[in-house]
Amino acid sequence: MTWGLLLDLLGTFFFAISGSLLAAQRGFDIVGSLLLGSLTGLGGGVIRDVIIGVPPAAFAQPIHFVPPVLAAVLVFFVSGIVQRFSRTLLVFDAGGLAVFCTTGTVTALSAGLNPVAAVLLGVTTGVGGGLLRDVVANRDPQLFNPRDLYAVPAFLGAVLIAGLWYLGWYGPIALYAVAVVVFVFRVLSLKFGWRIPHAHGSWPRHPDPA
């Protein structure tokens, strides 16, 4: 059990909780909750490993399936309590985003990718699970919400990790510290409604083609 693996499992659990909570909100049974939680928790990492060209860690190390199972069971028994807090899902999603944008970048750098590619792959790892969750649950993806900074904290974390890596300052403490920074930034953006400025002017909306 390495520090990186421990953080990866923690991120899987956070994202799996968010997926299972959304499944509960959608009225899915425990099987649907387990599947959506697993897709959310493992999806970003699988995308990352497929792009790098290595066997997905989720299948090479079965321990990665433990967090989604725990998340589904936990939400099944206490979903009525946790859903009293309207932003519970977003807080757990923020935890998963913070973890995976950092570990995804480290994995890419360890595989020999250049800094730009590593940052992009770290962001993909961070947002991939949440994107798959929202699409499968038939919800507008949080990634494309114009009133949210979903991808910006992931970019921040990935860039910080890549910078520390090339400065020779990377280590377990740096990894956890950057994940905390991303998490705090994400939670603050939710609390205060931070968002990226939109283009000025009104844009015509054309109906979708039949």
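Everything quoted here is computed from the prediction, not taken from an experiment.

The rules behind these values
Residues numbered from 1 in each chain as written. Predicted model: local features only at pLDDT ≥ 70, side-chain atom pairs only at ≥ 80, totals over all residues. Heavy atoms only, no water. Salt bridge = Lys/Arg side-chain N within 4 Å of Asp/Glu carboxyl O. Helix = DSSP H or I, 4+ residues; strand = E, 2+ residues; numbered from the N terminus. Buried < 20%, exposed > 50% of the residue type's maximum accessible area, 1.4 Å probe, protein only. Axes fitted to C-alpha atoms, helices over the stretch in contact; angles between N-to-C directions. Left-handed = near helix turned anticlockwise from the far one by under 90°. Contact = heavy atoms within 4.5 Å. Nonpolar A, V, L, I, M, F, W, Y, C, P; charged D, E, K, R; others polar. Core = buried A, V, L, I, M, F, W, Y, C linked by side-chain atoms within 4.5 Å.

### Let's talk about the pattern of salt bridges
In step 1: Inspection of the entire model under this criterion finds five salt bridges.
In step 2: The residue R133 makes a salt bridge to D134 at a minimum N-O spacing of 2.9 Å.
In step 3: With a closest N to O distance of 2.5 Å, R186 and D148 form a salt bridge. Of this pair, R186 sits in helix α8 (residues 172–192) while D148 sits in the loop between α6 (115–136) and α7 (151–167); the two residues are 38 residues apart in sequence, bridging distant segments of the chain.
In step 4: Its relative accessible area of 9% is what places D148 among the buried residues.
In step 5: Here the salt bridges do not stand alone but share partners, grouping D93, R133, D134 and R139 into one network.

### Details of the packing of helix α5 (residues 88–110) against α6
In step 1: Two elements in contact, α5 and α6, have axes separated by 7 Å at closest approach and are oriented at 145 degrees. Along this stretch, α5 crosses α6, giving a crossing that reads as right-handed. Note on element contacts: α6 touches α5 through P115, A118, L121, G122, T125, G126, V127 and R133, opposite D93, L97, F100, C101, G104, T105, A108 and L109.
In step 2: Taken together, the residues that form the contact of α5 with α6 break down as nine nonpolar, five polar and two charged.

### Thoughts on the nonpolar core
In step 1: Of all hydrophobic cores here, the largest spans 24 residues; its most connected members are L97, V127, A154 and I161.
In step 2: Elements represented by at least two residues in this core include exactly α1 (3–25), α5, α6, α7 and α8.
In step 3: For this core, the element with the most residues is α5, which contributes eight residues.
In step 4: Beyond its immediate sequence surroundings of up to four residues, I161 is in contact with T102, T105, V106, L109, Y170, A174, L175 and V178.
In step 5: Core analysis: the next-biggest nonpolar cluster, separate from the first, contains twelve residues, I17, L22, A71 and L90 among them.

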